[in-house]
Amino acid sequence: CRYDHFLDAIEFFIGILYEEEIPSFVEEVNTCFRRDNVGYQLLSDGKIVKFTSSYLHQEVVKKALSLLNGFGVEGALEEFEKAIISFRKGDLPTAIHNANNAFESTLKAITGLKEGDADKLIKALIKSQLIPNYYEGFIESFRKILQGLPITRNKMGGHGQGKNKRKFDESYAELAIHLAGTLIVFIIKRAQERQKENDEIPF
């Protein structure tokens, strides 16, 4: 059968297992995936994520999911999960779109702004001093990196495709997900550090 049908079946099956059966099932499935170089991993919550680099998968994708869940950013968490699912199913434009949405939703949650495009949200983030203002050159470079994700979405995954349907390269969707995950991890960890210091974020 097709990969997506097979993976859907695994997700369905884990949903009917007893709770005590899940850890051993997850371990066995992932052992098979690694042995056959499938490029997917089954998480303990039953979701399956695709990865091409074990380091990026562990330090970016899984960590972003964990931080979003722990920080209570439900909207961004749902959008990031949708990006991963869309990428797994080969719907690359939707994966890019949802990765961008997760990134912007995280910025809104951190800055407290309910509206605004990426540029406005990025400026608010810098104003918050989560990024040290004495790194002037770094801030400007960081602004360009942050804006890279919306650009990827607009060029490859957003707006109409016009008369001629565009062909999407998988690497663009991977870039969007990994870039979104990296930025989400960085932003939330900075916010957590601020909270530990009992310091309000100025806006």
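The structure presented is a predicted model; accordingly, all values stated were derived computationally and were not measured.

Peer 1: What should I look at first to understand the overall build of the protein in this one?
Peer 2: Helix and strand counts for the protein come out as 8 helices and 2 strands. Ordered by position from N to C terminus, the α and β elements of the protein give α-α-β-β-α-α-α-α-α-α. Considering the protein as a whole, with its 203 residues, one finds that 45% of them fall into the buried category. In the structure as shown, the protein presents an accessible area of about 11,800 Å², 51% of it carried by carbon and sulfur atoms.

Peer 1: Is there a simple way to explain empty space enclosed by the protein in this structure?
Peer 2: A water-sized probe rolled over the atoms picks out the places where empty space is left. This structure, assessed with the given rule, holds 2 cavities of 30 Å³ or more. Taken as a whole, the second largest cavity encloses approximately 50 Å³ of empty space. Together, E11, K47, I48, V49, E81, I84, I85 and R88 line the second largest cavity. Per-element accounting of the lining of the second largest cavity gives the leading share, 4 residues, to helix α4 (residues 74–88). Looking at the lining of the second largest cavity residue by residue, the classes come out as 4 nonpolar, no polar and 4 charged.

Peer 1: Honestly, the packing of aromatic side chains in this entry has me stumped. Any pointers?
Peer 2: What describes a pair of aromatic rings is the distance from one ring centre to the other and the angle between the planes of the rings. In the structure shown here, the tally under the stated rule is 1 aromatic pair. Residues F13 and F25 carry aromatic rings whose centres are separated by 5.2 Å and whose planes lie at 50° to one another, so their mutual orientation is tilted. In this pair, F13 sits in helix α1 (residues 3–14) while F25 sits in helix α2 (residues 22–35), placing the two residues 12 residues apart along the sequence. Relative accessible area serves as the criterion here: at 38%, F13 is assigned to the partly exposed category. Look at F25 and you get buried, because its relative accessible area is 17%.

Peer 1: Got a minute to help me understand the pattern of salt bridges in this structure?
Peer 2: Two side chains with opposite charge may pair up if their charged atoms get near one another. Taken as a whole and judged by the stated rule, the model has 2 salt bridges. Residues E78 and K82 are paired through a salt bridge, measuring 3.4 Å at the closest nitrogen-oxygen approach. Here E78 pairs with K82, and both are found in helix α4, just 4 residues apart, close to one helical turn. Across the salt bridge formed by E193 and R190, the nearest N and O atoms sit 2.8 Å from each other. In this pair, E193 and R190 both sit in helix α8 (residues 170–196), 3 residues apart, roughly one turn of the helix. Note on E193: relative accessible area 38%, which makes it partly exposed.

Peer 1: Mind showing me how you'd approach the environment of K82 here?
Peer 2: On the accessibility criterion, K82 (40% relative accessible area) is partly exposed. A C-alpha to C-alpha distance of 8.4 Å links K82 and T94, two positions 12 residues apart in sequence.

Peer 1: Got a minute to help me understand the nonpolar core in this structure?
Peer 2: Among the nonpolar cores identified, the biggest contains 41 residues, and L68, F80 and I177 are the most heavily contacted of them. The dominant element in this core, judged by the number of residues it contributes, is α8, at 11 residues.

Peer 1: Would you explain the environment of A99 in this entry?
Peer 2: Note that A99 resides in helix α5 (residues 92–111). Considering only alpha carbons, one finds A99 and L175, 76 residues apart in sequence, at a separation of 9.7 Å. Apart from residues no more than four positions distant in its own chain, A99 is found in contact with A83, L149, A176, I177 and A180.

Peer 1: Explain α5 here, please?
Peer 2: Given 3.6 residues per turn, any residue in an α-helix points the same way as the ones three and four places further on. In this model, α5 (20 residues) spans 29 Å end to end at C-alpha, consistent with the 28 Å of a helix rising 1.5 Å per residue. Following α5 by one or two positions, G112 adopts a phi angle in the positive range, close to 80°.

Criteria and cut-off values
- Residues numbered from 1 in each chain as written.
- Predicted model: local features only at pLDDT ≥ 70, side-chain atom pairs only at ≥ 80, totals over all residues.
- Heavy atoms only, no water.
- Helix = DSSP H or I, 4+ residues; strand = E, 2+ residues; numbered from the N terminus.
- Buried < 20%, exposed > 50% of the residue type's maximum accessible area, 1.4 Å probe, protein only.
- Areas by Shrake-Rupley, 256 points an atom, 1.4 Å probe, with all protein chains shown as cover.
- 1 Å grid on protein atoms, 1.4 Å probe; cavity = no way out; pocket = protein on both sides within 12 Å on 5 of 7 lines; lining within 4 Å.
- Points joined across faces, edges and corners; volume = space filled by probe spheres on them.
- Nonpolar A, V, L, I, M, F, W, Y, C, P; charged D, E, K, R; others polar.
- Phe/Tyr/Trp six-rings, centres within 6.5 Å; stacked < 30°, edge-to-face > 60°.
- Salt bridge = Lys/Arg side-chain N within 4 Å of Asp/Glu carboxyl O.
- Core = buried A, V, L, I, M, F, W, Y, C linked by side-chain atoms within 4.5 Å.
- Contact = heavy atoms within 4.5 Å.
- Expected span 1.5 Å × (residues − 1).

These figures come from the coordinates and say nothing about function on their own.
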